[in-house]
Amino acid sequence: MDQSEFKKFVQQLRSGDSLTYEEGYHSIKGRVGEVITELLALAQAETEEQMRSRLVELIGESIEPEAIEFLKHELDSPFYEVRSWAYSSLCYSESQTANEIAANFKDKNPDEAFL
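First, a word on scope: everything that follows refers to the structure included in this document. (Residues numbered from 1 in each chain as written. Predicted model: local features only at pLDDT ≥ 70, side-chain atom pairs only at ≥ 80, totals over all residues. Heavy atoms only, no water.)

## Quick word on the packing of aromatic side chains
Link 1 in the chain: Considering all chains together, one arrives at 5 aromatic pairs under this definition.
Link 2 in the chain: Aromatic pair Tyr 80 and Phe 114: ring centres 5.6 Å apart, planes at 65 degrees, arrangement edge-to-face. Pair noted here: Tyr 80 is in helix α6 (residues 80-91) and Phe 114 is in the segment after α7 (96-108), with a separation of 34 residues, a long-range link.
Link 3 in the chain: The buried category is assigned to Phe 114, whose relative accessible area is 18%.
Link 4 in the chain: For the pair Tyr 87 and Phe 105, a centre-to-centre distance of 5.9 Å together with 45 degrees between the ring planes defines the contact as tilted. With Tyr 87 in helix α6 and Phe 105 in helix α7, the pair connects residues that are 18 residues apart, well separated along the chain. The exposure classification of Tyr 87 matches that of Phe 105, with both residues buried.
Link 5 in the chain: Put simply, the rings of Tyr 80, Tyr 87, Phe 105 and Phe 114 touch in pairs and so form one group of aromatic residues.
Link 6 in the chain: Looking at Arg 54, its charged tip hangs above the ring of Tyr 21, at a distance of 4.0 Å from the centre. (Phe/Tyr/Trp six-rings, centres within 6.5 Å; stacked < 30°, edge-to-face > 60°. Helix = DSSP H or I, 4+ residues; strand = E, 2+ residues; numbered from the N terminus. Buried < 20%, exposed > 50% of the residue type's maximum accessible area, 1.4 Å probe, protein only. Lys NZ or Arg CZ within 6 Å of the ring centre and 35° of its normal.)

## Observations regarding the pattern of salt bridges
Link 1 in the chain: The final tally for this structure, using the stated rule, is 4 salt bridges.
Link 2 in the chain: The partner of Glu 34 in a salt bridge is Arg 31, and the shortest N-O contact between them spans 3.4 Å.
Link 3 in the chain: Since its relative accessible area comes to 29%, Arg 31 is described here as partly exposed. (Salt bridge = Lys/Arg side-chain N within 4 Å of Asp/Glu carboxyl O.)

Here you go:
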């Protein structure tokens, strides 16, 4: 995916229109590995809850160690939706390490509403 495509898809992710958002999401979803570095940088810089959640959800499609480490840190987010996507992504990941992180989080945070 070239940079102009990536920027277009990210702009679609920012859309308030659900169809436009979904188009951007699915355009990146199958190619997360190609742009994981860029997604991580965007997510780390994002301060708005909804957009950060969308980026966390996309990053959750990856089993790359840097993605799993990022998701692990997102479990401490002050944003409920971000924590929820991070947990779900780790829980349902094909990575055993990710699954273990999710199980540990669940054990230590039994009162979290999304568990």
